[in-house]
Amino acid sequence: KDRFGHPKSLEEPFHLLARLPFAHYLTTNYDPCIGLALTKAGQKHDILDWAKPSHRNRFIREFAGRRARPFVVHLHGRHNVPSSIVMTETSYVRRYVEEDDTRLKLMTVFMTHPVVFIG
């Protein structure tokens, strides 16, 4: 929480990313920087935690539609939910090898829509 919580200042490239016309933002970062930059840019958005099945399902149902606001999807968890963080080999295997749901849904996104991955 201390390391990845709210930063004292928001550095680039986050302001630039918030100004680009992306439909959604998928990140493996634990920090809230993309969401904070979107807020500062006046863009409404929804934060989703990929560790929560209801959030994964909502994203898959709605990501291809014409949403008025983007999703910010934290694929490896959020700083304020330590149990959701993917940081060790064990947590990575649990998320991407043992659970088909995560892998198959991400594959669906990557195979059906262009994705810019920064990180």
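Note that this is a predicted model, so its numbers are computed, not measured. Residue indices follow the written sequence of each chain, beginning from 1 at its first position. Local features in this predicted model are restricted to residues whose pLDDT is 70 or higher, and side-chain atom pairs enter the listing and the counts only when it is 80 or higher, whereas totals over whole chains, interfaces and linings include all residues. To obtain the side-chain values, all non-hydrogen atoms of the structure were used and water was disregarded.

> Can you walk me through the overall build of the protein chain in this structure?
A tally of helices and strands in the protein chain yields five helices and three strands. Elements are defined by DSSP. Helices are runs of H or I of four residues or more, strands are runs of E of two residues or more, and each kind is numbered from the N terminus. Counted from the first residue to the last, the protein chain has its helices and strands arranged as α-β-α-β-α-β-α-α. As a reference, a globule follows 2.2 Å times the number of residues to the power 0.38, and the radius of gyration itself is taken over C-alpha atoms. Relative to the 2.2 N^0.38 estimate, which gives 14 Å for 119 residues, the radius of gyration of the protein chain is 14 Å and therefore close to what a compact globule would have. Counting only C-alpha atoms and orienting by the principal axes, one finds that the protein chain spans roughly 40 × 35 × 20 Å. Exposed residues in this analysis have more than 50% of their type's maximum accessible area, buried residues have under 20%, and partly exposed residues fall in between, with area computed by a 1.4 Å probe over protein chains only. Buried residues in the protein chain amount to 38% of all 119 residues. Restricting the contact set of the protein chain to residue pairs at least 6 apart, pairs at least 24 apart contribute 62%. When the accessible area of the protein chain is evaluated, it comes to approximately 7500 Å², of which 56% is carbon and sulfur surface. Contacts: residue pairs with any heavy atoms within 4.5 Å of one another. Only the protein chains shown count as cover for residues, and the accessible areas themselves come from Shrake-Rupley with a 1.4 Å probe.

> Mind showing me how you'd approach helix α5 (residues 100-112) here?
Owing to its 3.6 residues per turn, the α-helix brings residues three or four apart onto one side. Multiplying 1.5 Å by the residue count of a helix minus one yields the expected span of that helix. Spanning 13 residues, α5 covers 18 Å between terminal C-alpha atoms, matching the ideal 18 Å at 1.5 Å per step. Among all positions in α5, only T102, K105, L106 and V109 are buried. The buried residues of α5 occupy an angular sector of 95 degrees when the element is viewed end-on, so they sit on one face. Packed against the buried residues of α5 are β1 (25-27), α3 (53-62) and α4 (89-98). Note that the arc is defined by the directions from the helix axis to the C-beta atoms.

> Help me out: how do you make sense of the pattern of salt bridges in this one?
Side chains that differ in charge, positive against negative, can pair when their charged atoms come close. A pairing counts as a salt bridge when a side-chain nitrogen of Lys or Arg comes within 4 Å of a carboxyl oxygen of Asp or Glu. On inspection of all chains with the given rule, the structure shows six salt bridges. Across the pair D100 and R103 runs a salt bridge whose closest N-O atoms are separated by 2.3 Å. Here D100 and its partner R103 are both found in helix α5, three residues apart, which amounts to about one turn of the helix. The partly exposed category is assigned to D100, whose relative accessible area is 43%. What you see here is one network of salt bridges that share partners, running through D46, R58, E62 and R69.

> What am I meant to see in the nonpolar core here?
To define a nonpolar core, start from buried Ala, Val, Leu, Ile, Met, Phe, Trp, Tyr and Cys residues and group those joined through side-chain atoms within 4.5 Å. Membership of the largest hydrophobic core is limited to 11 residues, which are L26, L48, W50, F59, F63, F71, V73, L75, Y96, L106 and V109. Sorting the residues of this core by element identifies β3 (71-74) and α5 as the ones contributing at least two each. Once you skip the residues sitting within four places of it in the chain, F71 turns out to touch A23, H24, Y25, D46, L48, R58, F59 and E62. L10, F14, Y25 and C33 belong to the second-largest nonpolar core, a separate cluster that totals 10 residues.

> What should I look at first to understand a nonpolar patch on the surface in this one?
Without a salt bridge and with relative accessible area above 30%, a residue can belong to a patch; like charges are then joined within 9 Å and nonpolar side chains (Val, Leu, Ile, Met, Phe, Trp, Tyr) within 5 Å. Where nonpolar side chains cluster on the molecular surface, the patch consists of L104, M107 and M111 and spans about 320 Å² of accessible area. Tracing the backbone through its elements, the reader meets L104 in helix α5.

> Help me understand the environment of N80, please; the structure alone is not making it clear to me.
Summarising the element assignment, N80 is placed in the loop between β3 and α4. N80 sits in the partly exposed class, given a relative accessible area of 38%. Spatially, the C-alpha atom of N80 lies 8.7 Å from that of D31, the residues being 49 residues apart in sequence.

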